[in-house]
Amino acid sequence: MQTVKMVISGAVNAGKTQFIRAISEIEVVSTERKASDDTKLLKGETTVAMDFGRITISDDLVLHLFGTPGQKRFDFMWEILSEGMLGLIVLVDSTRPETFRETNRIIDFFTSQRDAPYVVAANKQDHENAWAPDELRLALRLPAHVKIVPCVATQKDSVKNVLLELLYVIMQRSAD
């Protein structure tokens, strides 16, 4: 059986923990702690090290999902968690344009550290004020080859679709 590592990253409150919880077949190992800075204005708890989940794709393929912390003060974990990753999902909160600059910083960091395929998951697409994926591409200045996948991180089928898109990108890259 092959086990592969996928990293899920994004700004604070982008939905990383919910994304992993929606699809993991095991109870998610989470390092949530009470928020003690400005993050507490958005949510009560925040990830301080990582989230870990697992999903079996087939008899011979298992995905290990590692969620990064979103706060800048924990970004030292990004390099640690990116070690050995096969692919990256960058979650963006489509309803909060004030996080787009941080999303770009996250993309820049990971693409400079590892040559791993990635997709952008446009989360919270079920909200009325969500930016459409094509609007996000322009706002984030993403190249045409980067897939932006609509997402609702609390819905298993939506999360599954994002993971499948990342797997397709990985397979395309390995075929090239």
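Residues numbered from 1 in each chain as written. Predicted model: local features only at pLDDT ≥ 70, side-chain atom pairs only at ≥ 80, totals over all residues. Heavy atoms only, no water.

- The protein appears in an unreviewed UniProt entry as GTP-binding protein from Herpetosiphon geysericola.
- Under the heading Sequence similarities (unreviewed entry), UniProt records this for the protein: "Belongs to the GPN-loop GTPase family." (UniProt positions renumbered as here; feature names shortened; annotations may be inferred.)

## Looking at the pattern of salt bridges
Next up, step 1: Counted according to the given criterion, the structure contains seven salt bridges.
Next up, step 2: The closest approach of N and O atoms between Arg54 and Glu25, which form a salt bridge, is 3.0 Å. Within this pair, whereas Arg54 is found in strand β3 (residues 45–58), its partner Glu25 is found in the loop between α1 (16–23) and β2 (29–34), the two being separated by 29 residues in sequence.
Next up, step 3: Judged by its relative accessible area of 27%, Arg54 falls in the partly exposed class.
Next up, step 4: According to the relative accessible area criterion, Glu25 is partly exposed, its value standing at 42%.
Next up, step 5: Of the charged contacts, one joins Glu165 and Lys147 as a salt bridge, the two residues approaching to 2.8 Å between their closest N and O atoms. Pair noted here: Glu165 is in helix α5 (residues 156–175) and Lys147 is in the loop between α4 (133–140) and β7 (148–150), with a separation of 18 residues, a long-range link.
Next up, step 6: Taking the relative accessible area as the measure of exposure, Glu165 reaches 19% and is therefore buried.
Next up, step 7: Here Lys147 falls in the partly exposed class, since its relative accessible area comes to 30%. (Salt bridge = Lys/Arg side-chain N within 4 Å of Asp/Glu carboxyl O. Helix = DSSP H or I, 4+ residues; strand = E, 2+ residues; numbered from the N terminus. Buried < 20%, exposed > 50% of the residue type's maximum accessible area, 1.4 Å probe, protein only.)

## So, α5
Note that an α-helix has 3.6 residues per turn; residues three or four places apart therefore point the same way.
Next up, step 1: Helix length check: α5, at 20 residues, gives a terminal C-alpha distance of 28 Å against a target of 28 Å (1.5 Å per residue), a fit within 8%.
Next up, step 2: Burial in α5 covers these residues: Ser158, Val159, Val162, Leu163, Glu165, Leu166, Leu167, Val169 and Ile170.
Next up, step 3: Close packing links the buried residues of α5 with β1 (2–10), α1, β4 (61–67), β5 (87–93), β6 (118–123) and β7. (Expected span 1.5 Å × (residues − 1). Contact = heavy atoms within 4.5 Å.)

## Some points on the nonpolar core
Next up, step 1: Among the nonpolar cores identified, the biggest contains 27 residues, and Met6, Phe19, Leu63, Leu65, Ile89, Val162 and Leu163 are the most heavily contacted of them.
Next up, step 2: Elements supplying a minimum of two residues to this core: β1, α1, β4, β5, β6 and α5.
Next up, step 3: When residues no more than four places from it in sequence are discounted, the contact partners of Met6 are Leu63, His64, Leu65, Phe66, Leu86, Gly87, Leu166, Leu167 and Ile170.
Next up, step 4: In terms of nonpolar packing, the next biggest core, distinct from the first, is built from 23 residues, Met85, Ala116, Ala122 and Ile148 among them. (Core = buried A, V, L, I, M, F, W, Y, C linked by side-chain atoms within 4.5 Å.)

## Side note on the pairing of β4
Next up, step 1: In terms of burial, β4 is largely enclosed, as six of its seven residues are buried.
Next up, step 2: Relative to β4, β1 runs parallel, the two sharing seven bridges. The residue bridging Val4 from the neighbouring strand is Leu63, located in β4. (Pairing = 2+ DSSP bridges.)

## Observations regarding the packing of aromatic side chains
By convention here, two paired aromatic rings are described through the distance between centres and the angle between planes.
Next up, step 1: A full pass over the atoms with the stated rule returns three aromatic pairs.
Next up, step 2: A ring pair is formed by Phe109 and Phe110, whose centres lie 5.3 Å apart and whose planes are at 90°; its orientation type is edge-to-face.
Next up, step 3: When its relative accessible area of 22% is taken as the criterion, Phe109 is described as partly exposed.
Next up, step 4: Positioned over the ring face of Phe66 is Lys5, at 4.8 Å from the centre of the ring. (Phe/Tyr/Trp six-rings, centres within 6.5 Å; stacked < 30°, edge-to-face > 60°. Lys NZ or Arg CZ within 6 Å of the ring centre and 35° of its normal.)

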